Amino acid sequence: MAEEVLLFGFWGSPFSRRVEMALKLKGIEYKYIEEDKNNKSSSLLKYNPVHKKIPVLVHNGKPVAESLVILEYIDETWKHHPILPKDPYERANARFWAKFIDEKCFPAIWKSCFGEEKEREKAVEEASELLKFLENELKEKRFFGGETIGLVDIAANLIGFWLGVFEEANGVELLTKEKFPKLSNWTNEYVGISFIKENLPPRDKLIAYLQNRFGIPNASK
């Protein structure tokens, strides 16, 4: 019986895009279903009744929600091109940093760029401190996964692409080559990897979407 793989996502979401990156890396055929955030489909609500949000992967009728959980499910289901290390300690470490990006870095970065004006200065300081941890974690490695893209690299699409978009949309400066040379080099190489590049949204479209959503004037006009 042929496998059925569905992915419910949103074009501008780093969370559904990272799932697509993993599927593309492993060569898994899937059907993508674009969701309207303001008018969620009955299928999405059926498959993710708890959080009622994307991404949701449905494999042969069985739903899996939350992007990091989905990434691990994909890696355990389709063993080729592994994104998690074999060594138990290294696996635990990868999970730690992926969670760190979602639970610590993303909220601070979001507040830095789109939070209330009075919160932004403090949020920028916090985000910079958090990015230093990732800068140090890279050490002399090409990617967080070593010589190949791994779980942390895929989770870090938030920093590798979306952070630059957030900065450009709102004129905030966080990730500079002077402050974060290793992260900056990683970002440049990361977005050039074919299966990463193919699963990034159009930059100008995403900037315009964010500026429209938050009522930010377009400086280029």
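Keep in mind it's a predicted model, so treat the numbers as computed, not measured.

### Observations regarding the packing of helix α7 (residues 157-170) against helix α10 (residues 203-214)
Two elements in contact, α7 and α10, have axes separated by 9 Å at closest approach and are oriented at 55 degrees. By the angle class used here, α7 and α10 are oblique. By crossing handedness, the relation of α7 to α10 is classed as right-handed. Facing F161, W162, G164, V165, F166, E168 and A169 of α7, the residues of α10 in contact are R203, L206, I207, L210 and Q211. The residue makeup of the contact of α7 with α10, split by class, is eight nonpolar, two polar and two charged.

### Considerations on the nonpolar core
Counting 74 residues, the largest nonpolar core has L23, L134, I159, L183 and W186 as its most contacted members. At eleven residues, helix α4 (residues 88-114) tops the list of elements feeding residues into this core.

### Focus: the pattern of salt bridges
Applying the stated criterion across every chain, the model contains eleven salt bridges. Between D102 and R18 there is a salt bridge whose closest N-O contact spans 2.9 Å. On the criterion of sequence distance, the pair formed by D102 in helix α4 and R18 in helix α1 (residues 14-25) is long-range, its members being 84 residues apart. Using a relative accessible area of 0% as the deciding quantity, one classes R18 as buried.

### Side note on empty space enclosed by the protein
Inspection of the entire model under this criterion finds one cavity of 30 Å³ or more. Roughly 30 Å³ of volume is contained in the largest cavity. Along its surface, the largest cavity is lined by I101, C105, F106, I109, L158, I159 and F166. Counting only elements with at least two residues in the lining of the largest cavity, the list comes to α4 and α7. If you tally residues by element for the lining of the largest cavity, the top one is α4, at four residues.

Calculation rules
- Once a new chain begins, its residue numbering starts again from 1 and follows that chain's sequence as written.
- Reporting in this predicted model follows two pLDDT cut-offs: at least 70 for local features of residues, and 80 or more for side-chain atom pairs to be given and counted; totals over whole chains, interfaces and linings ignore these cut-offs and use all residues.
- The basis for every side-chain value is the complete set of non-hydrogen atoms in the structure, without hydrogens or water.
- Helix axes are fitted only over the stretch in contact, all axes being lines through C-alpha atoms; the angle between N-to-C directions runs from 0 to 180 degrees.
- What counts as a helix is a DSSP run of H or I of at least four residues, what counts as a strand is a run of E of at least two, and both are numbered from the N terminus.
- Here the angle decides the label: under 35 degrees means roughly parallel, over 145 means roughly antiparallel, 65 to 115 means roughly perpendicular, and every other value means oblique.
- Handedness of a helix crossing follows the sense of rotation of the near helix relative to the far helix, less than a right angle counterclockwise being left-handed and clockwise being right-handed.
- Whether two residues are in contact is decided by their heavy atoms: any pair within 4.5 Å suffices.
- Only Asp, Glu, Lys and Arg are considered charged, only Ala, Val, Leu, Ile, Met, Phe, Trp, Tyr, Cys and Pro nonpolar, and every remaining residue, Gly among them, polar.
- Residues grouped as a nonpolar core are buried Ala, Val, Leu, Ile, Met, Phe, Trp, Tyr and Cys residues, joined through side-chain atoms within 4.5 Å.
- Exposure is judged per residue with a 1.4 Å probe applied to protein chains only, and the accessible area is read against the type maximum: over 50% gives exposed, under 20% gives buried, and values in between give partly exposed.
- Whenever Lys or Arg places a side-chain nitrogen within 4 Å of a carboxyl oxygen from Asp or Glu, that contact is recorded as a salt bridge.
- A cavity, in this analysis, means grid points on a 1 Å lattice covering only the protein atoms where a 1.4 Å probe fits yet has no way out; a pocket is instead an open set bounded by protein on both sides within 12 Å along at least five of seven lines, and a residue lines either one if it has an atom within 4 Å of a point.
- Grid points are joined across faces, edges and corners, and a volume is the space filled by probe spheres set on the points.

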